[in-house]
Every structure is written in structure tokens, then in C-alpha cells.
Amino acid sequence: NAGVTQTPKFRVLKTGQSMTLLCAQDMNHEYMYWYRQDPGMGLRLIHYSVGEGTTAKGEVPDGYNVSRLKKQNFLLGLESAAPSQTSVYFCASRPRGRRFGELFFGEGSRLTVL
Amino acid sequence: ELKVEQNPLFLSMQEGKNYTIYCNYSTTSDRLYWYRQDPGKSLESLFVLLSNGAVKQEGRLMASLDTKARLSTLHITAAVHDLSATYFCAVDGLDRDDKIIFGKGTRLHILP
């Protein structure tokens with residue numbers, strides 16, 4: 001059981017380039033989240049989705065776009081990368097329902113923008 | 001808007017000592033999570049607290065939730081070096097918007 005898988009694991013971009021991070025989960029979870037982690041800042045929520053075809057903004061959405069065309073996949077796009085987007089990105093998922101709660105995380109994707 | 005504050009942000013302590021990490025949050029919620037992260041790794045779930053007064057314990061770690069005070073604590077008893085890590089609390093925005101917001105984390109360094 002793979003859980004939450006992020007690709008790629010590492011990427012180096014030049015300023016202005018575009019790229020997409022893919023998050024795939026095989027647990028049939030309804031909710032999916034993208035966070036970025038920077039030193040001293042904890043994890044900050046970029047965008048999230050509560051179901052196929054729906055997305056919503058988090059704390060730091062500017063410069064990113066997302067799509068959830070299939071329940072198992074949540075894509076994070078950078079249209080024109082900036083050095084300020086150098087970070088470690090984590091995807092997470094969880095099932096709907098009050099008795100559940102915890103997030104299941106992927107291993108992270110380290111992005112460097114030169 | 002949901003805000004989550006952890007303190008301290010950094011803690012260096014001796015093995016065998018006790019200490020507490022605090023997590024305050026700004027809006028009503030009765031669901032709070034604690035995670036552990038080792039350097040270069042992903043986050044590992046430690047505790048899920050789903051109601052006021054909830055208390056969970058695992059080994060030398062104990063977490064509690066007071067929803068009236070909007071406060072959760074993570075207590076470390078007789079610390080050992082293996083507990084050195086960064087600890088995060090995260091608060092669930094519940095039915096309002098399904099956001100889960102993290103604190104900045106507490107980097108715990110336990111000296112042998």
C-alpha cells in the first residue's frame with residue numbers, strides 16, 4: 001500500500017519556468033492538501049480540496065494553481081517560478097468524517113528556484 | 001481566521017527532565033493533532049485529540065486538549081535523546097472550511 005506519493009522528489013528550476021507537482025493517494029481519501037515548509041515557518045497551507053473537482057485557497061495561495069480532476073490525484077502548479085518559491089512541498093490526505101482526522105503525508109518534494 | 005501558536009519554538013533540555021510544549025489557537029475547534037518530524041523526513045502522526053478534555057499518552061509523551069482555553073499541551077516525561085525532533089501541532093478548522101493549520105513547530109534537542 002503506497003499511501004501518498006509525490007513526484008518529483010527533487011527539482012531545480014530557473015526563475016520564470018513552470019512545473020507541476022503531482023500528489024497521488026491510494027486510500028480513497030476525499031480531502032487533499034498542499035503545504036510548503038520553510039525554516040522557522042512551520043507548514044503553511046497553499047491550497048486544498050474537499051473532493052473531486054473542488055479546490056480552495058489556503059494561507060499562501062499566490063503564485064500557485066491546483067487541480068483535482070480525479071479523486072486520487074491533486075496537482076500543484078507553478079506557472080512562473082520565483083526564488084521565493086524555493087521550499088519543501090508536502091502533500092497530505094485524509095478521509096471525510098468526524099471520527100477521522102489525522103493527515104497522511106507524502107515524503108515531500110524539494111524545489112529550488114534559481 | 002484560524003491562527004496557531006506554539007511555544008517554545010526551540011527547546012534544549014537534559015535527558016531525564018520533564019517539559020511541556022504549548023499550542024494555542026485562535027478560533028473554536030475541538031480537533032487537534034500532534035506530529036513529529038525528524039530532519040529531512042516527512043511528518044509522523046503522534047496524537048489525534050477529538051474532544052474537550054481528551055488526553056492521549058504514548059510512552060514518554062502525553063497530549064491534552066482544553067477547548068475552552070483553546071490550548072493543547074504536549075508533555076515530555078523523563079526525556080531521552082531519541083525524542084529529539086521537531087514537534088508540530090495542527091488545528092482543524094472543522095466544518096467552517098476544512099482547513100488544517102499548523103503551528104511553527106518546536107525544535108526539541110535533548111542532550112545526553
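Scroll up a little and you will see the structure.
On a predicted model such as this, the values are computed, not experimentally measured, just so you know.

Student: Would you explain the overall build of chain A in this entry?
Tutor: Helices and strands together make up the secondary structure of chain A, namely zero helices and eleven strands. In sequence order, chain A lays out its α and β elements as β-β-β-β-β-β-β-β-β-β-β. Taken over C-alpha atoms, the radius of gyration comes to 13 Å for chain A, in line with the 13 Å a tight globule of 114 residues would show. Looking at chain A alone, contacts between residues at least 24 apart form 53% of all its contacts between residues at least 6 apart. Total accessible area computed for chain A in this model is approximately 5500 Å², and 53% of it derives from carbon and sulfur atoms. Across chain A, 14 positive and 9 negative side-chain charges occur, with their mean positions spaced 1 Å apart.

Student: Whenever I open this one, the environment of I110 of chain B confuses me. Can you help?
Tutor: Residue and element names in this part refer to chain B. Residue position: I110 is located in strand β11 (residues 106-111). When its relative accessible area of 0% is taken as the criterion, I110 is described as buried. When the C-alpha positions of I110 and H81 are compared, they lie 5.1 Å apart, and in sequence the two are 29 residues distant. Apart from residues lying up to four places away in sequence, I110 is in contact with M13, Q14, E15, A79, V80, H81, L83 and S84.

Student: What is the right way to read the packing of aromatic side chains from this model?
Tutor: What describes a pair of aromatic rings is the distance from one ring centre to the other and the angle between the planes of the rings. Here the structure, examined in full by the defined rule, presents ten aromatic pairs over all chains. Centre to centre, the rings of F105 of chain A and Y35 of chain B are 5.6 Å apart; their planes meet at 85°, and the pair counts as edge-to-face. Here F105 of chain A is found in strand β10 (residues 104-105), whereas its partner Y35 of chain B is found in strand β4 (residues 32-37) on a different chain. As far as burial versus exposure is concerned, F105 of chain A and Y35 of chain B are alike and both buried. Taken together, a centroid distance of 6.1 Å and an interplanar angle of 75° make the contact between F105 of chain A and F102 of chain B edge-to-face. Of this pair, F105 of chain A sits in strand β10 while F102 of chain B is found in strand β10 (residues 100-102), placing the two residues in two different chains. This pair shows no difference in class: F105 of chain A is buried, exactly as F102 of chain B is. A connected cluster of aromatic rings, assembled from ring pairs, spans Y33, Y35, Y48, F90 and F105 of chain A together with Y35, F88 and F102 of chain B.

The rules we used
- Residues numbered from 1 in each chain as written.
- Chains lettered and ligands numbered in written order.
- Predicted model: local features only at pLDDT ≥ 70, side-chain atom pairs only at ≥ 80, totals over all residues.
- Heavy atoms only, no water.
- Helix = DSSP H or I, 4+ residues; strand = E, 2+ residues; numbered from the N terminus.
- Rg over C-alpha atoms; globule rule 2.2 N^0.38 Å.
- Contact = heavy atoms within 4.5 Å.
- Areas by Shrake-Rupley, 256 points an atom, 1.4 Å probe, with all protein chains shown as cover.
- Lys, Arg positive; Asp, Glu negative; His and termini not counted.
- Charge placed at Lys NZ, Arg CZ, Asp CG, Glu CD.
- Buried < 20%, exposed > 50% of the residue type's maximum accessible area, 1.4 Å probe, protein only.
- Phe/Tyr/Trp six-rings, centres within 6.5 Å; stacked < 30°, edge-to-face > 60°.

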